[in-house]
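Survey of secondary and tertiary structure
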Amino acid sequence: MPGTVVDAPGAGALSGHQRTVDWVEHPDHPAVELIDQTALPDVERLLRLETVEAVVDAIQRLAVRGAPAIGVAGGLGVALAVRTVPDPADLDAAILALRNARPTAVNLARAVDRVAGVVAAGADAALAEALAIRDEEIASSDSMAAYGIDLIGALCGPAPRLLTHCNTGGLATVTGGTALGVVFALHRAGRLGGVVASETRPLLQGARLTTWELARAGVPFRLAVDGAGPYLIARGEIDAVIIGADRICANGDVVNKIGSYAHALGAARAGVPFVVVAPESTVDPATATGADVEIEDRSDAEVVGFGAVRSAPAGVVTANPAFDVTPADLVTAVVTDRRVVRFAAGETWDDVPLGPLRSLL
Ligand SMILES: CSC[C@@H](O)[C@@H](O)C(=O)COP(=O)(O)O
């Protein structure tokens, strides 16, 4: 159920397009519309998803990915289900399929549950709730950037050289971003000393998506293989590592894209700050530690080659966890849309009450 391509594909086809995932209202065909992240960077196209099956498929194929973005897609998927699935038992099954489409990022289950909680009030109420989640994530990105540039300035001084992993920009949220949103804000303020994007094997979210976003925003960058990150830090070329998260546990353990832990170890060894930027919608006080989080294991096909090009011998067995756990003691600070918690200084969530949303605009 791949959905329908609605924009003529090609380089530059998305110029001016702002939102990664959104709702489109046609009289007969309400739909979830999203940037097809499997096609980037060379092909820019939108997918229109008119069924719940197509939304589930898009989340599982990573046509939409990144914790806040899949939360928004899941919430809009529930709103779509209410419009398109008349039988109550089928509707429950559709909502469950959305909730279970990916297990690790807390945003997905949380957003699906939130919209499902108002389904009894009708289709308009479900859509309003899903759109509220979308709008909250947009506002969160702006606020994380405001808190983040203050923290990075305090930790690293006036022109920090940053390393970031995976993709945490507007493609992973709705607009703006988490960690990459802070990088963009520093660049706009003329306060960015440099940025290295890790390629992020196996699906290359860094090489394909972060580079696309940085280039689009006119931010100079370098691209490094994942294994180079800790050495670039050791060689003194990085002042802080800045990443996003898929779930942050009650004890401060951070679950994020595979490779995050290695960068945290490299940062700790070199005494370089390791900063995590994620909205409160990614904070999960109900999960005690990273050991309690289901880590998604993905297919052999993602590891044995690049796209259709096989690089390993046929038939090899792989290990392909999509995420890892960075223990809280390696995390300098977590920046959310409402606060900064300095785990390295012994702070916990309880020590830092929720503050206001902030804006750089
Ligand atoms: C806001 S981005 C934070 C995370 O969602 C991001 O770093 C990440 O791990 C995404 O993984 P993905 O498998 O691409 O959905």
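Starting afresh in each chain, residues are numbered from 1 along the sequence in its written order. With pLDDT at 70 or above as the cut-off, local features in this predicted model cover only qualifying residues; side-chain atom pairs require 80 or more to be listed or tallied, and sums for whole chains, interfaces and linings still use all residues. Calculated side-chain values reflect all of the structure's heavy atoms, with hydrogen atoms and water omitted.

**Looking at the packing of helix α2 (residues 67-84) against helix α5 (residues 123-156)**
Angles run from 0 to 180 degrees between N-to-C directions of axes, and those axes are lines fitted to C-alpha atoms, restricted for helices to the stretch in contact. Comment: elements are numbered from the N terminus, with helices defined as DSSP H or I runs of at least four residues and strands as E runs of at least two. For the pair α2 and α5, interaxial distance at closest approach is 8 Å and the crossing angle is 170°. Relative to α5, α2 is oriented roughly antiparallel. Note on element contacts: α5 touches α2 through A123, D124, A126, L127, A130, L131, I133, R134 and E137, opposite P68, V72, G75, L76, A79, V82 and R83. For this scheme, ten residues count as nonpolar: Ala, Val, Leu, Ile, Met, Phe, Trp, Tyr, Cys and Pro. Four count as charged, namely Asp, Glu, Lys and Arg, and the remainder, Gly too, count as polar. Grouping the constituent residues of the contact of α2 with α5 by class yields 11 nonpolar, one polar and four charged. When describing relative orientation, an angle under 35 degrees is termed roughly parallel and one over 145 degrees roughly antiparallel, while 65 to 115 degrees is termed roughly perpendicular and anything else oblique. Here a residue-residue contact requires only that any non-hydrogen atoms of the pair lie within 4.5 Å.

**Topic: the domain arrangement of the protein**
What the domain assignment lists for the protein is domain 1 (4-136) and domain 2 (145-351). The straight-line distance from the C-alpha centre of domain 1 to that of domain 2 is 24 Å. Each side of the interface is counted separately: domain 1 has 30 residues, and domain 2 has 31 residues. Counting the surface lost from both domain 1 and domain 2, the interface buries some 2400 Å², and carbon and sulfur atoms represent 51% of this. The salt bridge criterion pairs a side-chain nitrogen of Lys or Arg with a carboxyl oxygen of Asp or Glu, the two atoms within 4 Å. There are one salt bridge connecting domain 1 and domain 2. Residue R102 is joined to E296 by a salt bridge in which the shortest nitrogen-to-oxygen separation is 2.8 Å. Contacts described as polar in this section are N or O atom pairs within 3.5 Å, which, within protein, must combine one atom able to donate a hydrogen with one able to accept it, while residues neighboring in sequence count only if both atoms come from side chains. At the junction of domain 1 and domain 2, the tally comes to 21 residue pairs in polar contact (both at pLDDT 80 or more). Mapped by element, the contributors of at least two residues to the side of domain 1 that touches domain 2 are α2 and α4 (106-116). As used throughout, domain bounds are those supplied by an automatic or database domain assignment. By convention, the term buried area covers the 1.4 Å-probe accessible surface removed from two parts as they join, with the contributions of both added.

**Regarding α5**
Structurally, the α-helix is built with 3.6 residues per turn, so residues lying three or four positions apart point the same way. End to end, α5 covers 48 Å across 34 residues, agreeing with the expected 50 Å (1.5 Å per residue, within 8%). Of the residues trailing α5, G157 is marked for its positive phi of about 85°. Working rule for helices: expected span equals 1.5 Å times residues minus one.

**A short note on the site of the ligand**
Taken together, 18 residues surround the ligand, and among them R65, R102, D246, N256 and K257 come closest. A distance of 2.8 Å separates an oxygen atom of the ligand from a polar side-chain atom of R65. A distance of 2.9 Å is found between an oxygen atom of the ligand and a side-chain nitrogen or oxygen belonging to Q205. Per-residue and other accessible areas were derived by the Shrake-Rupley procedure at a 1.4 Å probe size, with only the shown protein chains allowed to occlude residues. Out of a free accessible area of 410 Å², the ligand has 100% covered by protein chains. Secondary structure elements with two or more residues in the shell around the ligand: α2 and β10 (254-257). Its residues assigned to classes, the shell around the ligand comprises seven nonpolar, seven polar and four charged. Each of two domains, domain 1 (4-136) and domain 2 (145-351), supplies a minimum of three residues to the shell around the ligand. Working definition: residue near molecule or strand if any one of its non-hydrogen atoms lies within 4 Å of it.

**Notes on the UniProt feature "binding site: substrate" (unreviewed entry) in the protein**
UniProt positions are given in the numbering used here, feature names are shortened, and annotations may be inferred rather than shown by experiment. Residues annotated by UniProt as "binding site: substrate" (unreviewed entry) correspond here to R65, G66, A67, R102, Q205, N256 and K257. Inspection of the secondary structure assignment puts R102 in the loop between α3 (88-99) and α4. Aside from chain neighbours lying at most four places away, what touches R102 is I59, L62, R65, I70, L108, E296, R298 and F323. Looking at the element boundaries, Q205 is found in helix α7 (residues 205-216). Exposure classes here rest on a 1.4 Å probe applied to the protein chains alone. A residue is buried below 20% of its type maximum, exposed above 50%, and partly exposed in between. With a relative accessible area of 3%, Q205 lands in the buried category. When residues no more than four places from it in sequence are discounted, the contact partners of Q205 are L62, R65, C166, N167, E199, T200, T210 and K257.

**Section: the pairing of strand β6 (residues 194-198)**
When you tally the buried positions in β6, you get four out of five residues, the bulk of the element. A pair of strands is treated as paired once DSSP finds two or more bridges between them. Strand direction decides the pairing type here: strand β5 (residues 161-164) and β6, joined by four bridges, are parallel. Among the inter-strand pairings, T164 is bridged to a residue of β6, identified as A197. Alignment of β6 against strand β7 (residues 222-224), held across three bridges, turns out to be parallel. Across the sheet, residue A197 finds its bridge partner in β7, namely L223.

**With respect to the side chain of K257**
For K257, the position within the fold is in strand β10. Buried charge K257 goes without a salt bridge, the closest partner of opposite sign being E296 at 6.3 Å. K257 has contacts with H165, C166, T200, Q205, D246, A322, F323 and D324, leaving out every residue within four places of it along the chain. Under the convention used here, Asp and Glu are negative, Lys and Arg are positive, and both His and the chain ends fall outside the count.

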